Amino acid sequence: MPDQYNGVAGNEVSVGEALVAYLEARDVSVVFGIPGVHTVEMYRGLGQSRLHHVTPRHEQGAGFMADGYARSSGKPGVAFVITGPGMTNILTAMGQALSDSVPMLVVSSVNSADTLGKGLGHLHELPDQHALCAKVTISSHHVDSVEALYPALDAIFDSLQSQRPGPHHIQVPMDVFGQVFTGSVPAIQAPKKVILDTAAIDNACARLIAAKRPLIVVGGGSKAAAPNITKLSELLNAPVVHTINARGQMYDHPLCVPASPSLSAVRKLFEQADVVLAIGTEFGSTDYDMYVTGTMPQMAQLIRIDIDADQLYRHPVDLAICGAAQDYVPALLDGMRQSQVLPDWGGSKVAQVRKAARAELGPDYEHSLTMVEIIREAVPGAIIVGDSTQPIYAANLYYDHDRPGGWFNSSGGFGTLGYAIPAAIGAALADRSRPVVCLIGDGGAQFTLPELMTAIDENLPITFVIWNNHAYLEIATAMREADVTVVGCHPTPPNFEGIAAANYMAFEKSENTVDAFRTALKLRDEHDGPIMIEILAPQY
């Protein structure tokens, strides 16, 4: 039997209850987790709190739900997990969050303090859980005493507020969780005043004013500055290239280039620009070199704004500005207003680039992109959460979404399979009034199908679209192109109609045509809760 702890008596507050109180004070409203005997004390007080607990079917699902929730709400996604297997199960989700700069807090138990590192064979024991977690987080904290709890939490939330977002971990030994807590929830301090680098702002403005062909490129870190980026682009008449995690910020705007910098037409646009302003983008290869050429787009006079100081000099840069986009873009806008510079190259150039970029997709990807656009048409304002599947790859190359923050997926960066189902659940929990569409392949879906029941438990308005080509098609294609015999790429998919029935979910099967898919999506109008649509994609 595992060690048992009876907690505290009377009206005394335990460390577990103090944890819950702190999260409430920090405006956390949803917690994802699977309770276990090693987290009983972590859950003390949770049932009496304002926090809504969501039970996934696997700890990896808890992490992906926290990820989707954070991207949609703007608040950190919080997960509770047990020591050992619970912790190792969520590591993949933490790796995805680290890759995409998604704010997350994972709270875990760990075995009793006096047993750690001794190899005594306790239940769920790891040689060094803390060190393991430190490899996939911004920070990992070991709370070895009652007094250490709130300082560790303060450090995490201060970092989430002022530094690059990402996953953080805190672990508390089982015996510490049950101890009496004697402190009180600290007052939340106002954010520190941001001191801007005025010399860098003046330098950037001078370069932009002098530019004849300015270009802006934005990543996921630009989201909070999106309205002012639009104003700046209009002032400069500058095209704005949107990487994957920035899509939707300038929907249908004549200066928006919703296309990958990996495409030749977009790379030519970079080459023609005489000043490039990059905001909140890490220049990751899945955005800038998807075809693995080993080259990046050429960028003259690169001005870079990024909150992460380590990121700023990982590529050649002419002017590096360390700070948040929402602080520096308004300052640039104020510095530019007096100039009213409008080079004559923006709108007409963007139209040409958009047409040429889309033409590079080829017939299969063009059809896949059209199917994504049918979702945008049929479910306006939806959040589309994707996995590594053909329509997502196509739309990551070229697609203009109709809402900021409404397009995200796991096919870039860390590139996990099975992400979309639980991440869509997290996104829907962030705001139940917004429709969410999960777009996932038959292969990726089989990683996390059990999480469908969480969507049922929560009665969420999610449309699960299964792109069923009976294969890991992208991998099979890569094998053929490398003249490698295709092996392991055709796992038999389940009967998705039967899966939907087993999960009490309405179901529709669609042929791989625009008209059939548009008709199938009308099923959404007939149901408030989750539904499933299977698209019969071509098999290879």
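Residues numbered from 1 in each chain as written. Predicted model: local features only at pLDDT ≥ 70, side-chain atom pairs only at ≥ 80, totals over all residues. Heavy atoms only, no water.

K.L.:
Explanation requested: the overall build of the protein in the structure shown.
P.N.:
Helix and strand counts for the protein come out as 21 helices and 18 strands. For a compact globule of 540 residues, the expected C-alpha radius of gyration is about 24 Å, and the protein comes in at 24 Å, within 12% of that figure. The principal-axis extents of the C-alpha atoms in the protein amount to approximately 75 × 60 × 45 Å. Looking at the protein as a whole, 56% of its 540 residues are labelled buried. Taking contacts inside the protein between residues at least 6 apart in sequence as the whole, the part at least 24 apart equals 74%. (Helix = DSSP H or I, 4+ residues; strand = E, 2+ residues; numbered from the N terminus. Rg over C-alpha atoms; globule rule 2.2 N^0.38 Å. Buried < 20%, exposed > 50% of the residue type's maximum accessible area, 1.4 Å probe, protein only. Contact = heavy atoms within 4.5 Å.)

K.L.:
When you look at the environment of L332 in this model, what are you seeing that I'm missing?
P.N.:
Mapped onto the fold, L332 is located in helix α12 (residues 325-336). What makes L332 buried here is its relative accessible area of 0%. Setting aside anything within four residues of it in sequence, one finds L332 in contact with I201, A204, C205, L232, L277 and I305.

K.L.:
Would you explain the pairing of strand β11 (residues 302-306) in this entry?
P.N.:
Working note: regular strand, side chains alternate between the two faces of the sheet. The buried fraction of β11 is high, at five of five residues. Of the two faces of β11, the one holding L302, R304 and D306 and the one holding I303 and I305 are both buried throughout. As defined by bridge partners, strand β10 (residues 275-279) adjoins β11 across four bridges and the pair is classed as parallel. Paired with A278 across the bridge in β11 is R304. For β11 and strand β12 (residues 319-322), the ladder comprises four bridges, and the chain directions are parallel. The partner of I303 across the bridge, within β12, is L319. (Pairing = 2+ DSSP bridges.)

K.L.:
Explain the environment of D308 to me, please; I cannot follow it from the model alone.
P.N.:
On the secondary structure map, D308 appears in the loop between β11 and α11 (309-312). When near neighbours in sequence (up to four residues on either side) are disregarded, D308 contacts R164 and C322. A distance of 3.0 Å separates a polar atom in the side chain of D308 from the backbone nitrogen of D310. (Polar contact = N/O pair within 3.5 Å; in protein donor to acceptor, adjacent residues only side chain to side chain.)

K.L.:
Even after reading the chapter, I still don't get the pattern of salt bridges, so can you show me in this structure?
P.N.:
Pairing between side chains of opposite charge can happen when their charged atoms approach one another. Scanning the model with the defined rule gives 17 salt bridges in all. Among the ionic pairs, D154 bridges to R26, the shortest N-O distance being 3.7 Å. Note that D154 is positioned in helix α5 (residues 149-162) and R26 in the loop between α1 (15-25) and β1 (30-33), a separation of 128 residues in sequence. Assessed through its relative accessible area of 23%, D154 is described here as partly exposed. A network of salt bridges, in which partner residues are shared, links R26, D154 and D158. (Salt bridge = Lys/Arg side-chain N within 4 Å of Asp/Glu carboxyl O.)

Worth remembering: the numbers are spatial, not functional.
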